[in-house]
Amino acid sequence: MNHSTWRRAGPGSLRVRRWSTTRSTSTRGWPATSGQAVYDRRIELGLSQNELAERAGVTQPQVSRMEGGDTVPTLPLLRSLAKALDGTLNLAVDEGNSRVTFTPHTA
């Protein structure tokens, strides 16, 4: 199974559905937006990908894929990253547009 399918098992049945591969926005729109926000905040704090990964409890390749827009981050991952980046994660999702920013916590 790949990311475009999911399976749901019920009593005596198995259903398979496919996610639509047609998107109304760029396939890199959402991941690239969130990845850029993570990258910008990480650089602002002077952290390496390894340091951020350690703070967030994830692996360095996960941080790299996130920053590169190669993966769509889950909310738990974004929550961990926001905490590790000492800020509040702000998500704005609208028709055809999405923005992710970090607001630093005040000292």
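So, a few notes on the structure that sits alongside this text. Remember, it's a predicted structure, so these values are computed and weren't measured experimentally.

### Observations concerning the overall build of the protein
Link 1 in the chain: Check the secondary structure of the protein and you find 4 helices and 4 strands.
Link 2 in the chain: When the helices and strands of the protein are listed from N to C terminus, the series reads β-β-α-α-α-α-β-β.
Link 3 in the chain: Across the 107 residues of the protein, 27% fall into the buried class.
Link 4 in the chain: Long-range contacts, defined as pairs at least 24 residues apart, comprise 44% of the intrachain contacts of the protein with a sequence gap of at least 6.
Link 5 in the chain: When the accessible area of the protein is evaluated, it comes to approximately 7500 Å², of which 49% is carbon and sulfur surface.

### Concerning the pattern of salt bridges
Link 1 in the chain: Counting across every chain of the model gives 2 salt bridges.
Link 2 in the chain: Close ionic contact of E44 with R41 constitutes a salt bridge, the shortest N to O distance being 2.7 Å. Highlighted residues: E44 and R41, both in helix α1 (residues 29–45), separated by 3 residues, approximately one helical turn.
Link 3 in the chain: E67 is paired through a salt bridge with R42; the nearest N and O atoms lie 2.6 Å apart. Residue E67 is found in helix α3 (residues 60–67), and its partner R42 is found in helix α1; the two are separated by 25 residues along the sequence. Accessibility classification places E67 together with R42 in one group, the buried group.

### Remarks on the packing of helix α2 (residues 49–56) against helix α4 (residues 75–84)
Link 1 in the chain: Look at α2 against α4: their axes get within 8 Å of each other, and the N-to-C directions meet at 110°. With respect to α4, the element α2 is oriented roughly perpendicular. The element α2 and its partner α4 pack so that their crossing is right-handed. Taken together, the residues of α4 that come into contact with α2 (itself represented by L52, R55 and A56) are S80, L81 and A84.
Link 2 in the chain: In terms of residue class, the contact of α2 with α4 is built from 4 nonpolar, 1 polar and 1 charged.

### As for α4
Link 1 in the chain: Buried within α4 are the following residues: L77, L78, L81, A82 and A84. One face of α4 carries all of its buried residues, which in axial projection span an arc of 165°. Set apart from the buried face of α4 by more than 90 degrees, the exposed residues are L75, R79 and K83.
Link 2 in the chain: If you check the start of α4, you find a side-chain oxygen 3.2 Å away from the backbone N of L77, and it comes from T74.
Link 3 in the chain: Once α4 ends, the next one or two residues include D86, with phi positive near 50°.

What counts and how
- Residues numbered from 1 in each chain as written.
- Predicted model: local features only at pLDDT ≥ 70, side-chain atom pairs only at ≥ 80, totals over all residues.
- Heavy atoms only, no water.
- Helix = DSSP H or I, 4+ residues; strand = E, 2+ residues; numbered from the N terminus.
- Buried < 20%, exposed > 50% of the residue type's maximum accessible area, 1.4 Å probe, protein only.
- Contact = heavy atoms within 4.5 Å.
- Areas by Shrake-Rupley, 256 points an atom, 1.4 Å probe, with all protein chains shown as cover.
- Salt bridge = Lys/Arg side-chain N within 4 Å of Asp/Glu carboxyl O.
- Axes fitted to C-alpha atoms, helices over the stretch in contact; angles between N-to-C directions.
- Parallel < 35°, antiparallel > 145°, perpendicular 65-115°, else oblique.
- Left-handed = near helix turned anticlockwise from the far one by under 90°.
- Nonpolar A, V, L, I, M, F, W, Y, C, P; charged D, E, K, R; others polar.
- Arc of directions from axis to C-beta.
- Polar contact = N/O pair within 3.5 Å; in protein donor to acceptor, adjacent residues only side chain to side chain.

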